[in-house]
Amino acid sequence: MQVIDDIARLRETRAGLRGQLGLVPTMGALHDGHLGLVRAARAENDAVAVSIFINPTQFGPREDLEQYPRDLPRDLALLEAEGVDVVFTPTADLMYPETFRTYINVEELSVGLEGASRRGHFRGVATVVAKLFNLCSADRAYFGQKDAQQAVIIRRLVSDLNFPLEVVVCPTARHTDGLALSSRNVYLATEERAAATALYRGLQAARQAYDAGERRPEKLRGTAREVLEGEPLIDVDYVALTDPGTLRGLRAPSDDPLLLLIAVTLGKTRLLDNGLLPWSLNDRDGLTRVLGAT
Ligand code: PAF
């Protein structure tokens with residue numbers, strides 16, 4: 001496994017890798033969710049590259065950039081064990097030199113939901129993934145459904161800017177009690193960790209209502225919100241029921257696939273989760289299939 005932190009060597013190494021390359025962009029602090037993406041990339045490509053870069057442009061001034069968990073030796077050991085070919089570990093100065101002035105803004109999709117609470121977040125995400133796509137010349141890039149809005153935005157970016165790359169969205173990896181794996185879960189105190197299961201319980205309550213025939217958007221949202229509001233430690237930011245492609249809120253009952261998204265704050269930690277309705281769509285290709293070809 002080659003660990004590379006400069007652009008010329010990355011390009012040279014990519015040129016020497018035969019066949020198709022799968023890229024897994026990460027910010028490190030790897031967990032089983034990331035490793036699932038690496039395994040999907042391994043299964044579908046001749047070579048696998050992983051980037052580890054805590055991207056400063058996607059953090060707001062009051063966010064956790066400085067505290068974001070870091071453990072490069074552990075991350076590298078995990079990736080080595082997965083048979084990864086290349087790990088790209090650039091510095092912030094390499095990615096954003098003094099002269100850097102170009103940002104990508106995916107309009108409309110970046111405005112609501114996470115975009116409303118984290119202004120500028122998706123501009124930073126879109127910019128860094130575009131740079132990583134260009135630098136790595138990957139054939140496929142792998143993202144988790146847990147960050148569904150991010151996945152939808154990246155697919156739009158790839159399509160709009162004609163990147164010759166396929167975006168693969170893999171299902172959310174979960175603990176046995178349903179909590180979605182996230183690098184930020186390490187921030188949760190014991191009682192917060194217990195309360196955090198309400199996100200999954202809320203999604204499941206909405207799923208049950210949907211399965212019982214409920215289609216009214218306010219009822220489906222309200223069912224999930226009720227579970228979240230039953231946890232005094234949780235501060236609900238939003239519970240949204242949207243069209244998965246446009247991320248526009250649903251106003252009228254629909255039998256089309258829907259995306260139910262939740263964001264909460266627990267203590268100082270922001271947690272997200274989501275699920276497609278019908279729930280059976282949350283399978284290996286669920287969100288990828290629902291969004292259609294890039
Ligand atoms: O999902 C993440 O970890 C980050 O947003 C990403 C895609 C690696 C871009 O920095």
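Preceding this section is the structure that the text describes.
Because the structure is a prediction, the values reported are computed rather than measured.

Draft legend 1. Main features of the overall build of the protein. Within the protein one finds 11 helices and nine strands. Its C-alpha radius of gyration of 19 Å places the protein within 12% of the 19 Å reference for a compact globule of 294 residues. Its C-alpha atoms give the protein principal-axis dimensions of about 55 × 40 × 40 Å. Across the 294 residues that make up the protein, the buried fraction comes to 53%. Taking all contacts inside the protein whose residues are at least 6 apart in sequence as the whole, residues at least 24 apart take part in 73%. Here the protein has roughly 13,600 Å² of accessible surface; of this, 48% comes from carbon and sulfur atoms. Placing the 34 positive and 40 negative side-chain charges of the protein at their respective mean positions leaves the two points 2 Å apart.

Draft legend 2. Structural view of the pattern of salt bridges. Considering all chains together, one arrives at 21 salt bridges under this definition. The residue Glu82 makes a salt bridge to Arg39 at a minimum N-O spacing of 2.7 Å. Highlighted residues: Glu82 in the loop between α3 (72-81) and β4 (86-88) and Arg39 in helix α2 (residues 32-44), separated in sequence by 43 residues. Exposure remark for Arg39: the relative accessible area of 43% places this residue in the partly exposed category. Residues Arg284 and Glu44 are paired through a salt bridge, measuring 2.2 Å at the closest nitrogen-oxygen approach. Taken together, the residues Arg284 in the loop between β9 (269-277) and α11 (286-291) and Glu44 in helix α2 connect sequence positions 240 residues apart. Residues joined in a network through salt bridges with shared partners are Glu44, Arg284 and Asp285.

Draft legend 3. Inspection of the sheet that holds β9 at higher detail. Here we have three strands laid out as an open sheet, ordered β7-β8-β9, and antiparallel in their pairing. Every interior strand has two partners, whereas the edge strands, β7 (234-242) and β9, have only one. Each neighbouring strand pair of the sheet contributes to a mean axis angle of 15 degrees, computed without reference to strand direction. When β7 meets strand β8 (residues 258-266), the two strands line up antiparallel, connected through eight bridges.

Draft legend 4. Molecular detail of helix α10 (residues 217-229). Taking 1.5 Å of rise per residue, 13 residues should cover 18 Å, and α10 covers 18 Å from first to last C-alpha, within 8% of that figure. Buried residues in α10 make contact with α9 (197-211), β7 and β8.

Draft legend 5. Up close: the pairing of β9. Most of β9 is tucked away: eight of the nine residues are buried. Connecting the antiparallel pair β8 and β9 is a turn made up of two residues, with Gly267 showing a positive phi of about 65 degrees.

Draft legend 6. Region of interest: the nonpolar core. Core analysis: the largest hydrophobic core is formed by 50 residues, its most contacted members being Met95, Val129, Phe133, Ile154 and Leu165. No other element matches helix α6 (residues 121-136), which puts 10 residues into this core. Sequence-distant contacts of Ile154, that is, excluding residues within four places in its chain, are made with Val125, Val129, Phe133, Phe143 and Val167. Formed by 26 residues, the second largest nonpolar core is a distinct cluster that contains Leu199, Ala224, Val236 and Trp279.

Draft legend 7. Representation of the site of the ligand in the model. Every residue lining the ligand is accounted for by Pro25, Thr26, Met27, Asn55, Gln58, Val128, Phe143 and Gln150. At 2.6 Å, a side-chain N or O of Gln58 approaches an oxygen atom of the ligand. Here Gln150 contributes a side-chain N or O atom positioned 2.7 Å from an oxygen atom of the ligand. When isolated, the ligand has an accessible area of 290 Å², and the protein chains bury 89% of it. In terms of residue class, the shell around the ligand is made up of four nonpolar, four polar and no charged.

Draft legend 8. Here's a closer look at the environment of Asn134. Structurally, the position occupied by Asn134 is in helix α6. Residue classification places Asn134 among the partly exposed residues on the basis of a relative accessible area of 47%. Sequence separation between Asn134 and Pro244 is 110 residues; the distance between their C-alpha atoms is 27 Å. Residue contacts for Asn134: discarding those within four places in its chain leaves Arg11 and Phe163.

Draft legend 9. Layout of the packing of aromatic side chains. Counting across every chain of the model gives seven aromatic pairs. Seen from their ring centres, Phe53 and Tyr96 are 6.3 Å apart, and the 35 degrees between their planes marks the pair as tilted. Here Phe53 is found in the loop between β3 (47-52) and α3, whereas its partner Tyr96 is found in the loop between α4 (92-95) and α5 (114-117), with 43 residues between them in sequence. Since its relative accessible area comes to 6%, Phe53 is described here as buried.

Cut-offs applied
Residues numbered from 1 in each chain as written. Predicted model: local features only at pLDDT ≥ 70, side-chain atom pairs only at ≥ 80, totals over all residues. Heavy atoms only, no water. Helix = DSSP H or I, 4+ residues; strand = E, 2+ residues; numbered from the N terminus. Rg over C-alpha atoms; globule rule 2.2 N^0.38 Å. Buried < 20%, exposed > 50% of the residue type's maximum accessible area, 1.4 Å probe, protein only. Contact = heavy atoms within 4.5 Å. Areas by Shrake-Rupley, 256 points an atom, 1.4 Å probe, with all protein chains shown as cover. Lys, Arg positive; Asp, Glu negative; His and termini not counted. Charge placed at Lys NZ, Arg CZ, Asp CG, Glu CD. Salt bridge = Lys/Arg side-chain N within 4 Å of Asp/Glu carboxyl O. Pairing = 2+ DSSP bridges. Axes fitted to C-alpha atoms, helices over the stretch in contact; angles between N-to-C directions. Expected span 1.5 Å × (residues − 1). Core = buried A, V, L, I, M, F, W, Y, C linked by side-chain atoms within 4.5 Å. Near = heavy atom within 4 Å. Polar contact = N/O pair within 3.5 Å; in protein donor to acceptor, adjacent residues only side chain to side chain. Nonpolar A, V, L, I, M, F, W, Y, C, P; charged D, E, K, R; others polar. Phe/Tyr/Trp six-rings, centres within 6.5 Å; stacked < 30°, edge-to-face > 60°.

From the geometry alone we can't say anything about function, so treat these as descriptive.
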